[in-house]
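A closer look at the structure
Residue-level listing of the chains:
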Amino acid sequence: MRVLIAGGGIGGLSLALSLHAAGIDDLHVLEAGRVEELGVGINVLPHAVRELSELGLSGELAAAGLATSEFVMFNKHGQRIWGEPRGLAAGYRWPQYSIHRGRLLGVLQRAFLERLGSGRLHPGHRVVSASEDGSTVFAELTGGARVQGDVLVGADGIHSVLRARRCPGEGGPLWNGITMWRAVAPGVPFLTGASMVMIGYFGKRAVVYPITRPDRDGRALINIVLEATTGDSRPMPRQDWDHVVDPAEIRALFSGMRFGWIDVDALIDAAPRWWQYPMVDRDPLEQWRSGLITLLGDAAHPMYPVGANGASQAILDARVLARALALAPTVDEALERYEAERRPATAAVVLANRAAGPEKCMELAEARAPAGFDRVEDVFAPGELQELSSRYQRTAGFDPALLNGRPSLSVFR
Ligand SMILES: Cc1cc2nc3c(=O)[nH]c(=O)nc-3n(C[C@H](O)[C@H](O)[C@H](O)COP(=O)(O)OP(=O)(O)OC[C@H]3O[C@@H](n4cnc5c(N)ncnc54)[C@H](O)[C@@H]3O)c2cc1C
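The structure presented is a predicted model; accordingly, all values stated were derived computationally and were not measured. (Residues numbered from 1 in each chain as written. Predicted model: local features only at pLDDT ≥ 70, side-chain atom pairs only at ≥ 80, totals over all residues. Heavy atoms only, no water.)

1. Regarding the overall build of the chain
What the chain contains, in helices and strands, is 12 helices and 21 strands. Since a compact globule built from 413 residues should have a radius of gyration of about 22 Å, the 21 Å found for the chain is in line with a globular shape. The C-alpha extent of the chain, read off along each of the three principal axes, is 65 × 45 × 45 Å. Residues classed as buried in the chain amount to 57% of the 413 residues present. Accessible area for the chain stands at about 16400 Å²; split by element, carbon and sulfur atoms hold 52% of it. Averaging the coordinates of the 43 positive side-chain charges in the chain and doing the same for the 47 negative ones gives two points 2 Å apart. (Helix = DSSP H or I, 4+ residues; strand = E, 2+ residues; numbered from the N terminus. Rg over C-alpha atoms; globule rule 2.2 N^0.38 Å. Buried < 20%, exposed > 50% of the residue type's maximum accessible area, 1.4 Å probe, protein only. Areas by Shrake-Rupley, 256 points an atom, 1.4 Å probe, with all protein chains shown as cover. Lys, Arg positive; Asp, Glu negative; His and termini not counted. Charge placed at Lys NZ, Arg CZ, Asp CG, Glu CD.)

This is the structure we're talking about:
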């Protein structure tokens, strides 16, 4: 079986490695650009770390990322609303990693080249369309070339051409009016030294976490995402990954986020470059598949970066699809099995993220106690905060007991 993969991002490369591990080596990754170590920080949650570990990448991940120890949310006054241990500290059998997206991509690319060689990774191959003839599918490339396969997977990101082919009337991504500014800055790690924190509420908040261990002078690389509702005052910024902006406008919006344990102002000044993105997603689709073509990762289910799940869900898609292609008697049945498992699961995450996911407590704290509180127990009912967190973990597939207990997705022959 020959598998064509449009897109060499985290989803596409994870699929290639998963297919290889499942015994399918006849695959080609068609990547529009170069596989470059681009981006800022990203989180890989324990359900995805399990999958990458089963692909033999646990050592590389540990070296490239920082094992996150806790996730803590604060209101805009810097008062702690909710905190929970993460990764091994939370009882998972696998860590959670905060990692530079580019370094994660580097880990996947190096494994690809070692295991499959350079002949199967094709940078500069942009898929512009696709066609089918019986049991053969053709990826049509810029310049008129065609590549032939038995199945074509659209792992070509939020602006997927294969999704557009599937849903011609869909249009662009949907913006919720929030603009995000992202950067990586040198800074001193805070709290446990491996804490992921959020400060504020959906619409005006900071998300901050280190993505490396500290160097000799005690400083690490700190990932910062600042978010503000700008929908009424400016048009939607471009959704791409290279839109650099002047930090002056960020300072004007966010100055004053300084508490005893963290100084967001200082991080804003320390960051060498700021990128801007709209917070966008798309409505869940009724069907991913058309004939011999299916979708994966952001092409299938772009979601708000709430709950830190985008990359992790793409990795899970990759593992489930590879298993289905390896074990199902026909491509037809494999694509059905994959979609039956992953489409409803990821649609639930897209919708949960629209409702603020595990960060809902920040909204509730802002609505119920905008001037702050003396005791968080005065703002939330007993068990309410735990339930918000647990519900999201179940929806997104990283409830500790369920994840630790579920069977492997690896194909054992
Ligand atoms: C350059 C870049 C930087 C990013 N930085 C961050 C970040 O800092 N933090 C974060 O949370 N998320 C970031 N993301 C998004 C994040 O990687 C995804 O949300 C998530 O990992 C899901 O991965 P994916 O493989 O489905 O999509 P993506 O990671 O978007 O990968 C899609 C791949 O497909 C390629 N492609 C696009 N169109 C075509 C085509 N027509 N033919 C062939 N190839 C095509 C793209 O070049 C890209 O390599 C970034 C994405 C990109 C592309």
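2. Structural notes on helix α2 (residues 46-54)
Extensive coverage of α2 is indicated by the burial of 8 of its 9 residues. Here α2 has its buried residues at Pro46, His47, Ala48, Val49, Arg50, Glu51, Leu52 and Ser53. Immediately beyond the C-terminal end of α2, within one or two residues, lies Gly56, with a positive phi of roughly 85°.

3. Describing the packing of helix α1 (residues 10-21) against helix α4 (residues 101-116)
Packing of α1 against α4 leaves a shortest axis separation of 10 Å and a crossing angle of 30°. In terms of their interaxial angle, α1 and α4 are classed as roughly parallel. Crossing hand, α1 versus α4: left-handed. Contacts between α1 and α4 involve Ile10, Leu13, Ser14, Ala16, Leu17 and His20 from the former and Arg101, Leu104, Leu105, Leu108, Gln109, Ala111, Phe112, Arg115 and Leu116 from the latter. Taken together, the residues of the contact of α1 with α4 break down into 10 nonpolar, 3 polar and 2 charged. (Axes fitted to C-alpha atoms, helices over the stretch in contact; angles between N-to-C directions. Parallel < 35°, antiparallel > 145°, perpendicular 65-115°, else oblique. Left-handed = near helix turned anticlockwise from the far one by under 90°. Contact = heavy atoms within 4.5 Å. Nonpolar A, V, L, I, M, F, W, Y, C, P; charged D, E, K, R; others polar.)

4. Quick word on empty space enclosed by the protein
Left-over empty space is what a probe sized like a water molecule reveals as it rolls over the atoms. All told, the structure shown has 2 cavities of 30 Å³ or more when counted by the stated rule. Approximately 50 Å³ is the volume attributed to the largest cavity. Considering the residues around the largest cavity, the lining is formed by Leu45, Phe71, Arg86, Met196, Gly307, Ala308, Pro358, Glu359, Tyr392 and Phe398. Its residues assigned to classes, the lining of the largest cavity comprises 7 nonpolar, 1 polar and 2 charged. The space that makes up the second largest cavity amounts to roughly 40 Å³. Lining the second largest cavity are Pro284, Leu285, Trp288, Ala300, His301, Arg343, Thr346, Ala347 and Val350. (1 Å grid on protein atoms, 1.4 Å probe; cavity = no way out; pocket = protein on both sides within 12 Å on 5 of 7 lines; lining within 4 Å. Points joined across faces, edges and corners; volume = space filled by probe spheres on them.)

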